[in-house]
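Here's the letter readout for the chains.
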Amino acid sequence: MKINLTIPIAPEPRRVAALIGILAAVAATTSAAQDEGPVEKINAEAAHATIVSTPIRGGLTVLSGSGGNITVLNGKDGRLLVDAGISLSRSQISQALEAIGTGPIRYLIDTHYHWDHTDGNDWIHARGATIVAHENTLERISTATRVDDWRFTFPVYPISARPTVFTGAKKTITFDGTSVQMQYYGPSHTDSDIWAYFKEPDVLSTGDTFWNGVYPFIDNENGGSIDGMIRASNANIERAGEATIVVPGHGPVGGRRELMEFRDMLVAVRGNVAALKGRGMSIEEVIAAHPTAQFDAKWGGFVIDSALFTRLVYNGL
Ligand SMILES: [Zn+2]
């Protein structure tokens, strides 16, 4: 079903193409055994990424095209960023930031530890930003972290790329007259996820607890699970009002209705996979039974494919 957004943002084709270009690599490389994993491939693409800049409201702009979406708050005090993209896209991201404003970058909020959201920490910190995150983001990036589903071990981040201000369960920063409220989801996509809610403009940046229109990745090895994703989706829906603009970790900007569609898809697939697993079926048997069939046309066309998503749900149960 095509939802008519109540906000002045459409899934603009170039932006979607940029996202798909990166995420298609995940599907392609996870379905075929190759030496080069999805991380290497995504990094290679990030070097040539086109960054698409989408103004939303209240001084906020979304930059898409290098890893996860980046939310930028620009005002007379400078800029605040939510997520940092992939560092190989630094020159394109810098250019896009210059086009938004020339004030100093004062804060960078990491929604979670994954490299496609934190790889730019180092250079953005070097530009003056204080990095804010949940304590578990610091823990994850302070050691080498293995993600088998990506066939990659993320290296230890240098001290200069690590957060120094922590959210705990909740934290609010007032920046340029806007209240930026951060809240920890609990274990969901990883064990380090927070949202950033911009109160006055009513904009919610969810990080990877929400992928708009595409199957999500779930980091089972590092605190994530399908049930955690469903809990986080319900928290997002509770936070969002009818007029809230929601910036997902991946995919175009959406609203409360898209959050609900995403939650409903997660709940249905979880139910299907759990029923098959409960009958004692192996992971390969469950994938062959195609428990995502009714959702693939909408959610599985471009990104994490049906088999990988089924695997992620199965392994998290
Ligand atoms: Zn992630």
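Residues numbered from 1 in each chain as written. Predicted model: local features only at pLDDT ≥ 70, side-chain atom pairs only at ≥ 80, totals over all residues.

This part takes up the overall build of the protein. On a plain count of helices and strands, the protein comes out with eleven helices and 14 strands. For the protein, the proportion of its 317 residues judged to be buried stands at 52%. (Helix = DSSP H or I, 4+ residues; strand = E, 2+ residues; numbered from the N terminus. Buried ≥ 20, exposed ≤ 12 C-beta atoms within 10 Å, placed from the backbone.)

Pairing is mixed in the open sheet, where seven strands are placed in the order β1-β2-β3-β4-β5-β6-β9. Each edge of the open sheet is held by one strand with a lone partner, namely β1 (52-55) and β9 (165-166). (Pairing = 2+ DSSP bridges.)

A separate point is unusual backbone geometry. Phi at Asp 83 is positive, roughly 75°, even though this residue is not glycine. By the element assignment, Asp 83 lies in the loop between β4 (78-82) and α3 (90-100). Backbone geometry places Asp 202, a non-glycine residue, at a positive phi of 60°. Topologically, Asp 202 is positioned in the loop between β12 (194-198) and β13 (203-211). With 16 C-beta atoms packed within 10 Å, Asp 202 lands in the partly exposed category.

Take the pairing of strand β11 (residues 178-184) next. Burial along β11 is one-sided: Thr 178, Val 180, Met 182 and Tyr 184 are buried, and none of Ser 179, Gln 181 and Gln 183, which face the opposite way, are. Where strand β10 (residues 170-175) and β11 come together, six bridges link them in antiparallel fashion. Residue pairing for β11: Ile 173 is matched across the bridge by Val 180. The hairpin formed by β10 and β11 contains two residues between the paired strands, and Asp 176 there has a positive phi angle of roughly 55°. Bridge count for β11 against β12 is five bridges, and the pairing is antiparallel. Each residue of the ladder has a partner; that of Gln 183, found in β12, is Trp 195.

Moving on, we get to helix α11 (residues 306-316). Counting buried residues in α11 gives eight out of eleven residues, a clear majority hidden from the surface. Buried residues of α11: Ser 306, Leu 308, Phe 309, Thr 310, Arg 311, Leu 312, Val 313 and Tyr 314, and no others.

Moving on to the sheet that holds strand β14 (residues 245-250). Reading across from one edge, β10-β11-β12-β13-β14 is the order of the five strands in this open sheet, with mixed pairing throughout. Each having just a single partner strand, β10 and β14 make up the two edges of the open sheet. In this sheet, adjacent strand axes meet at a mean angle of 25° when their direction is disregarded. Against the sheet, helix α7 (residues 226-239) contacts β12 and β13, and its axis sits at roughly 165° relative to β13. (Axes fitted to C-alpha atoms, helices over the stretch in contact; angles between N-to-C directions. Contact = placed C-beta atoms within 7 Å.)

Before going further, it helps to spend a moment on the environment of Asp 83. According to the C-beta neighbour criterion, Asp 83 is buried, with 31 such atoms within 10 Å. Measuring from C-alpha to C-alpha, the distance between Asp 83 and Ala 133 comes to 9.9 Å, with 50 residues separating the pair along the chain. Beyond its immediate sequence surroundings of up to four residues, Asp 83 is in contact with Gly 68, Asn 69, Ile 70, Asp 110, Thr 111 and His 117.

Our focus in this paragraph is α7. Quick reminder: α-helices carry 3.6 residues per turn. Residues three or four places apart thus point the same way. Between the first and last C-alpha of α7 there are 20 Å, a value that for 14 residues agrees with the 20 Å anticipated at 1.5 Å per step. For α7, the complete set of buried residues consists of Ile 226, Gly 228, Met 229, Ala 232, Ser 233 and Asn 236. Each buried residue of α7 sits inside an arc of 150° when the element is viewed along its axis, so together they form one side. Residues of α7 that are buried make contact with β13, α8 (256-278) and α11. (Expected span 1.5 Å × (residues − 1). Arc of directions from axis to C-beta.)

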